[in-house]
Every structure is written in C-alpha cells, then in structure tokens.
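Residues per chain are reported as follows:
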Amino acid sequence: MKIVVAGGGYAGMSCLMDLASRLPQAHRTLVDPGEHHLQLTRLHEALNNGIEPYRIPFARLGDRYGFKHRRGRPKLGTDALAEATRRGRLSLPDGEIPFDVLVVAVGARPRPRPRQREWLGLADLRRRDGRKIVEEMAALPGRSWVTVVGGGATGLQYLFELKDALRRAGARCSLRLVDSGDRLLPRLPEAFHDYLARRMEQGGIRYLRQTRLVSVDDDGLNVTEPNGRQRSLKSARGLVFAGLRGNPELLETNASGQVMAGGASLNNVFAAGDCSHYAGKGLNGASAQAAVRKGRHVSAAIQRLDQGRSLPVYNARELGFFLSMGTLDGIGWLGTPRGIVTGVAAFAVREAIEARYELFLAGVDTFQVF
C-alpha cells in the first residue's frame, strides 16, 4: 500500500507515527514544503530558549518512523482531490506521487500581519529566533511601548512569555495587550478572564479591551476605542495575532474522516487537522489536541481499509485545555471546564501534556489510551 500524507504538523505527524506500528510494510510519504516539524504549542517559549529546541527535521523523524519526505505544496481543494483520486496520483511541481491512500493534514495559515518591519506575526515567529526579537525590544529606550494585538490563546501565551523574557533581559519598555473582545477567552468560563486580567495587572501589562486595530504606521497603531472613537497609540514594536485562515479550504468529511466531494465520499482520501470538519459529534476544534486525535483516527481507519473492515467513527471529545502564562504559571481545565486549575499546578499539567507528545516524537507511543 502506498500512503501519502500532505502536511507535517500535529495531524500529519501523529498519523505517520501511528502508521509506523499499524502498517509497517506500507510505503509512506510525507509531502510538506518545509524541512522541519514545529512544536507550535511550545513555540512561544522560543522567546526565552530560541527556536531550535522546537523544530525537528523531517529527515530525522522519517528515519525513526519509516517515511520519506518530499518538499511541495500541492493543490488540495475538493476538485483537485477528486481528480487526484481518479488518477491515483498527487501532482507536485517536481513530478507526481502515486498513492493508494491520501491524507490531507495541511492545517491552517496565519492571517497576514501589518507590513511594517517592526511588527511581527505568527508566520515570522515560526521562522525567527525569538531571543533576537527580545534583544531588539530590550534595546528600546525607556518609556517605549511593545504591543501584543489579539487576546486569543496564542496571543496570551506570547504575551506572558514576552513579559518574562523582557524582565530577564532587563528591558525598560512597557507592555500592553490590545484585544477587540469584551473579555478574554469568551468561550471559556469567566474565571479564565478574571485570572488572566489579574495576572496582567500584577505584571504591569496594560490591557485595552474592546479596542480594535485599524492600521499600523511608523509611529505605532491606530485603534477604535469602545466608544467608537479612533485613537493613535505609540508603539515601537508589536506582535499581531490575527487568527488563522483555512488552508486550502475547509474539507467536509464523513464520520470516518473520508473527504466528501459532490455529495459523495472519496473512499481513499482522508482529512485531519485544522483543514477538516468531521460529521458527527467528535472534537472539531482548531487545536493540537484535535489534530493529534484526528491523525491517529485516520491511521486506524486506513488500517481497517487495508483489511477490508468497516471504518471506525470519530467520536473524540475534548479532554481539557491549558494555557501557558510564563514561568510556573498557567490556567486550564481537565475533565470539565468547571474543573479549573491555575498557577504552578496548571503549569505542571501542561508540561506533562507536552512531555507526552515529545515522547511520541522520540519513539514512545504515549497515546495508546486517549
């Protein structure tokens, strides 16, 4: 069997790593335009530790898990997938790859950030050494502002990590958060907002809620305040987290993860990760947790397809949510959103979750029991 997995993020890698034990004789190929798997859930820590600890060469993982890596960014919309299925080949700029089963696990791309050099977005942070960014901010004169735009989970983790990194660097600049929402993490209990807002106040971070970014210029940013008036805010540097955009398009699947096209399922094409929306009640959020579990689900489905058995139905539920807030601090829930954990305890739980995935990358399957 020839299996091609497009996308080397959490979904694609968890699928390939699980396939190594389920179908070790299958010919497995990863297609990804980059050379590294990035641990995106830890990437904010690069502000203190540099980026190298959080990226692992696909070549090394391929040697460990028995797959080949080809660089490329194929077309993966439903029309292109239907055509690839008909031909049994995936087209790349440098040639075609034959497949018996194709897994689309391309995730999502960050939305563009302002063009000004002093403003960085998530795409920049995936490439640059975070310590260099902190050094540049620490060299700013006193009374300079550094602004984080976006109070989602990613923006908040970078905000608190940056606070710690600037403190360690002896920086004199001030830090602020600009967020368009009425409260932080509105889909979670209000206790999350209260804890985060209190920690920002204690850390000297200025929090501007219901404040929407309009534009950025050489002096700073222009925002709309809660009363509707526009205002200019001085800011020497900024990080903008404008959310993610689908890549390439959201793929609807049946309850087993097979891609739907024209009202019918493509029997040998599966989707996993942020690019997919599964039918049924299983976890569909754009999160590493959902990506890992969808990737492993697809691996099990491919094994059953190879055996001529009925495919499993995806029914994973969310087990918890944890947010890093810098050194020895965090907040999250385990089991139920009402079971909130904060401080050092939350930090420890999150470290255990990250360690579980890192052991998986190292060759120890820690996900046998979900």
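Refer to the structure above for everything that follows.
Residues numbered from 1 in each chain as written. Predicted model: local features only at pLDDT ≥ 70, side-chain atom pairs only at ≥ 80, totals over all residues. Heavy atoms only, no water.

Caption draft 1: Expanded view of unusual backbone geometry. If you check the backbone angles, Gln-210 has positive phi at about 50 degrees while not being a glycine. Structurally, the position occupied by Gln-210 is in the loop between strand S13 (206-208) and strand S14 (212-217). Taking relative accessible area as the criterion, Gln-210 reaches 38% and is therefore assigned partly exposed. Even without a glycine there, the phi angle at Leu-328 is positive, about 55 degrees. (Helix = DSSP H or I, 4+ residues; strand = E, 2+ residues; numbered from the N terminus. Buried < 20%, exposed > 50% of the residue type's maximum accessible area, 1.4 Å probe, protein only.)

Caption draft 2: Expanded view of empty space enclosed by the protein. Across all of its chains, the model carries 1 cavity of 30 Å³ or more by this definition. Only helix H2 (46-49) and helix H6 (130-138) provide two or more residues apiece to the lining of the largest cavity. When grouped by side-chain class, the residues that make up the lining of the largest cavity number 6 nonpolar, 2 polar and 1 charged. (1 Å grid on protein atoms, 1.4 Å probe; cavity = no way out; pocket = protein on both sides within 12 Å on 5 of 7 lines; lining within 4 Å. Points joined across faces, edges and corners; volume = space filled by probe spheres on them. Nonpolar A, V, L, I, M, F, W, Y, C, P; charged D, E, K, R; others polar.)

Caption draft 3: Looking closely at the sheet that holds strand S15 (residues 220-224). Taken in spatial order, the 3 strands line up as S14-S15-S16 in an open sheet, and their pairing is antiparallel. In this open sheet, the two strands that pair with only one neighbour each are S14 and strand S16 (230-234). If you compare each strand with its neighbour and ignore which way they point, the axes differ by 25 degrees on average. (Pairing = 2+ DSSP bridges. Axes fitted to C-alpha atoms, helices over the stretch in contact; angles between N-to-C directions.)

Caption draft 4: Examining the packing of aromatic side chains more closely. The tally for this structure, following the rule as stated, stands at 4 aromatic pairs. Taking 4.9 Å as the distance between ring centres and 45 degrees as the angle between the ring planes, the aromatic pair formed by Tyr-10 and Tyr-357 counts as tilted. Here Tyr-10 is found in helix H1 (residues 10-22), whereas its partner Tyr-357 is found in helix H10 (residues 343-361), with 347 residues between them in sequence. Given the relative accessible area of 9%, Tyr-10 is considered buried. By relative accessible area, Tyr-357 is classed as buried at 4%. Over the ring of Trp-145 we find Arg-176; its NZ or CZ atom is 4.2 Å from the centre of that ring. (Phe/Tyr/Trp six-rings, centres within 6.5 Å; stacked < 30°, edge-to-face > 60°. Lys NZ or Arg CZ within 6 Å of the ring centre and 35° of its normal.)

Caption draft 5: Seen up close, the packing of H6 against helix H7 (residues 153-168). Closest axis-to-axis distance for the H6/H7 pair is 10 Å, and the angle between their directions is 60 degrees. By the angle between their axes, H6 is oblique relative to H7. The two elements H6 and H7 cross, and the hand of that crossing is right-handed. For the pair H6 and H7, contact is made by Val-134, Met-137 and Ala-138 and by Leu-162, Ala-165 and Leu-166, respectively. (Parallel < 35°, antiparallel > 145°, perpendicular 65-115°, else oblique. Left-handed = near helix turned anticlockwise from the far one by under 90°. Contact = heavy atoms within 4.5 Å.)

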